[in-house]
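# Inside the fold
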Amino acid sequence: MELVGEEEIQEVLEVLRSGYLFRYGQATGPYADARFLAKVCQCEQEIARYAGVRYAVAVNSGTSALLTALAALGIGPGDEVIVPGFTFIAGISSIVYARAIPVLAEIDRTFNLDAEDVKAKITPHTKAIMAVHMMGNPARLNELKKIADDHAVALIEDCAQAFGASYRGRVAGSIGRMGTYSFNVYKTITSGDGGMVVTDDEDLYRRAFAFHDQGHSPLRTGVEIGERPFFGLDFRFTELQAAVLLAQFRKLPRLLERLRANKKRYKELISDLPGLEFREITDEQGECSTMLTLILPSAEIARKIAAELGTKVVARAGWHVYNNMEQLMQQRTPTAVPCPFSCFGRYAGEDREIRYWQGMLPRTDALLERALNISIGVSDPGLSSGYGVTIRDDAESVERHAMGFRRAAEKYLR
Ligand SMILES: Cc1ncc(COP(=O)(O)O)c(C=O)c1O
């Protein structure tokens, strides 16, 4: 959001002046409308090309993108989807609204899914593994893809926090059967809100498109009575949002370059502190560098340093930790019958009680109690990543900030 400027303004003005804000229109043929600029289509094409896949569907949020991916894959009642215990609630919510069961798995030192625990959590009901690339760092995709393939389940990549990341030369989102992005204000690039689903599979694309817009075929041109495969919803993106996103997308290389340089410098300035470790990055050249995550020698030291900086350890820092998700812990659905939790047995053909409890992922808890996040590129006091430098910060302010961290940490790291 800090880099929204003249380029975005010009794009939006172009759409407003055209007087045509809807994603559909005809550029050619008897019903051609010269006002239609097709910015949503352009976004889809540019981002699909960038990701190296054939198809993309723009939607109104990252949450909608996840629900759309689950619908495209036909995931629903009686199915289980494995998700990490350190994630954003949207992945879990989308599984619940697909009427499937979220199965929590541990994270490892990448702060993403632990492949061994994923393997242990697979059951005959598992339909997908949702890898969430937290804080710009892709999960161990080679291992997760192999597990998914070995068990004939889908790998979904939730890249909401990792637009711009790549893994071993491939763009994050293009490795699983479906990838999703978010463009809300905290993401690498933003259109205020927004999202996208990408896939290389034509059938999944057609299903995703139908789900995002009332069952219609891609780029709907008519009423299509009799042709619609199933009920869809309305998660459409608008020409105005697409205009902002196009301008933002062009800034991506510059933005990543800046994030990477700032993070590298910050890390160099603190890496000699005794006992200080960093989370494992799966692809040093490919991660987004939006967060420098530290692992301290103990939970107590981590808490003391966090207090010194006016922030919190990751375990206590708000809403990305399963323990803090009361909706999940207490299975709070908007209906009196708490489906899918109470209905799983009926569809899965086995009588099993679904339960979640605080502390059910001890390795995740222990790691997050020792972890501290330094935000690179965005500082949002009061939320999950209070302590950090902004994208506008120059080398000098990054150094000043890192020195501030050193002073606080040195009191406890010897
Ligand atoms: C990991 C993750 N998944 C999904 C989402 C949902 O995206 P949106 O806010 O665009 O619905 C977010 C947003 O913060 C996220 O961080």
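In this report, we go over the structure that sits alongside the text. A quick note: this is a predicted structure, and the numbers were derived from the prediction, not measured.

Reading guide: rules and limits
- Residues numbered from 1 in each chain as written.
- Predicted model: local features only at pLDDT ≥ 70, side-chain atom pairs only at ≥ 80, totals over all residues.
- Heavy atoms only, no water.
- Pairing = 2+ DSSP bridges.
- Helix = DSSP H or I, 4+ residues; strand = E, 2+ residues; numbered from the N terminus.
- Axes fitted to C-alpha atoms, helices over the stretch in contact; angles between N-to-C directions.
- Contact = heavy atoms within 4.5 Å.
- Salt bridge = Lys/Arg side-chain N within 4 Å of Asp/Glu carboxyl O.
- Disulfide = S-S within 2.5 Å.
- Buried < 20%, exposed > 50% of the residue type's maximum accessible area, 1.4 Å probe, protein only.
- 1 Å grid on protein atoms, 1.4 Å probe; cavity = no way out; pocket = protein on both sides within 12 Å on 5 of 7 lines; lining within 4 Å.
- Points joined across faces, edges and corners; volume = space filled by probe spheres on them.
- Nonpolar A, V, L, I, M, F, W, Y, C, P; charged D, E, K, R; others polar.
- Polar contact = N/O pair within 3.5 Å; in protein donor to acceptor, adjacent residues only side chain to side chain.
- Core = buried A, V, L, I, M, F, W, Y, C linked by side-chain atoms within 4.5 Å.
- Near = heavy atom within 4 Å.
- Areas by Shrake-Rupley, 256 points an atom, 1.4 Å probe, with all protein chains shown as cover.
- Sits in = over half its atoms within 2 Å of the grid points.
- Parallel < 35°, antiparallel > 145°, perpendicular 65-115°, else oblique.
- Left-handed = near helix turned anticlockwise from the far one by under 90°.

Attention now goes to the sheet that holds strand E4 (residues 126-132). Ordered by their spatial adjacency, 7 strands build an open sheet running E1-E9-E8-E5-E4-E2-E3, and the pairing between neighbours is mixed. Each edge of the sheet is formed by a strand with only one pairing partner; in this case those strands are strand E1 (55-59) and strand E3 (101-105). Averaged over all neighbouring strand pairs, the angle between strand axes comes to 20°, with direction disregarded. Contacts from helix H3 (residues 62-72) reach E1, strand E2 (80-84), E4, strand E5 (154-158), strand E8 (178-182) and strand E9 (195-199), with the element oriented near 165° to E8.

Scanning the entire structure with this criterion turns up 34 salt bridges. With a closest N to O distance of 3.4 Å, lysine 119 and glutamate 116 form a salt bridge. A residue pair is termed a helical-turn pair when its members lie 3 or 4 positions apart in one helix, as lysine 119 and glutamate 116 do in helix H5 (residues 115-121) at 3 residues. Counted as one network, the salt bridges with shared partners bring together Glu11, Glu14, Lys39 and Arg250.

A separate point is the sheet that holds strand E12 (residues 371-377). Read across the open sheet, the 4 strands follow the order E10-E11-E12-E13; overall the sheet is mixed. The two strands at the open ends of the sheet, each matched to only one other strand, are strand E10 (277-278) and strand E13 (388-390). Across 5 bridges, the pairing between strand E11 (residues 291-295) and E12 is antiparallel. In the sheet register, methionine 291 faces E12, and the bridge partner there is serine 375.

Disulfide: a covalent bond connecting the sulfur atoms of a pair of cysteines. With the rule as written, the count across this model stands at 1 disulfide. There is a disulfide in this structure between cysteine 339 and cysteine 343, and the S-S distance comes to 1.5 Å. The S-S bond linking cysteine 339 to cysteine 343 shows a torsion near -95°; that makes this disulfide left-handed. The thiol sulfur of cysteine 41 is not disulfide-bonded, and the nearest other cysteine sulfur, from cysteine 43, lies at 9.5 Å. Relative accessible area serves as the criterion here: at 15%, cysteine 41 is assigned to the buried category. You can see cysteine 159 has no disulfide; the closest cysteine sulfur is in cysteine 288, sitting 9.1 Å from it. Exposure remark for cysteine 159: the relative accessible area of 0% places this residue in the buried category.

Time to look at empty space enclosed by the protein. According to the stated counting rule, one finds 1 cavity of 30 Å³ or more in the structure shown. If you go around the largest cavity, the residues you meet are Lys263, Lys267, Phe278, Arg279, Ile281, Leu292 and Thr293. Within the residue set of the lining of the largest cavity, elements represented by two or more residues are helix H9 (252-270) and E11. When its residues are assigned to classes, the lining of the largest cavity shows 3 nonpolar, 1 polar and 3 charged.

Time to look at H3. With 10 of 11 residues buried, H3 lies mostly within the body of the structure. Restricting attention to buried positions, one finds in H3 the residues Gly62, Ser64, Ala65, Leu66, Leu67, Thr68, Ala69, Leu70, Ala71 and Ala72. Capping the start of H3 is the job of one residue whose side-chain oxygen sits 3.3 Å from the backbone nitrogen of threonine 63: serine 61. Phi turns positive, to about 70°, at glycine 74, one or two residues after H3.

Moving on, we come to the nonpolar core. Counting 134 residues, the largest nonpolar core has Tyr181, Tyr266, Ile270, Leu294 and Phe405 as its most contacted members. If we ignore the near neighbours within four places in the chain, the residues touching tyrosine 266 are Leu292, Ile374, Ile376, Tyr387, Val389, Val398, His401, Ala402 and Phe405.

Around the ligand lies a shell of 14 residues, among which Gly62, Thr63, Asp158, Ser182 and Lys187 are the nearest. In this structure, lysine 187 approaches the ligand through a side-chain N or O atom, which is 2.6 Å from an oxygen atom. Relative to its free-state accessible area of 390 Å², the ligand is covered by the protein chains to the extent of 92%. The cavity where the ligand resides is the largest pocket.

Turning next to the packing of helix H1 (residues 6-18) against helix H8 (residues 239-250). Running from N to C, H1 and H8 cross one another at 150°; their axes reach a closest spacing of 8 Å. The angle between H1 and H8 falls in the class roughly antiparallel. Taken as a pair, H1 and H8 cross one another with a handedness that is right-handed. Judged by residue contacts, Glu7, Glu8, Glu11, Val12, Val15 and Leu16 of H1 engage Glu239, Leu240, Ala243, Val244, Leu246, Ala247, Gln248 and Arg250 from H8. Classifying every residue of the contact of H1 with H8 gives 8 nonpolar, 1 polar and 5 charged.

Right, let's talk about the layout of surface pockets for a bit. Counted as a void, the largest pocket has a volume near 960 Å³. The wall of the largest pocket is formed by 49 residues, among which Gln161, Asn184, Tyr186, Lys187 and Val378 lie closest to the centre. Of all elements in the fold, only H3, helix H4 (89-97), H9 and E12 reach the threshold of two or more residues within the lining of the largest pocket. With 4 residues, E12 is the single largest residue contributor to the lining of the largest pocket. Tallied by class, residues from the lining of the largest pocket come to 24 nonpolar, 19 polar and 6 charged.

By secondary structure assignment, the location of glutamine 161 is in the loop between E5 and strand E6 (166-167). The class of glutamine 161 is buried, set by a relative accessible area of 18%. At 2.7 Å, the side chain of glutamine 161 and the backbone nitrogen of methionine 135 are in polar contact. Excluding residues that lie within four positions of it along the chain, glutamine 161 makes contacts with His133, Met134, Met135, Gly136, Lys187 and His320.

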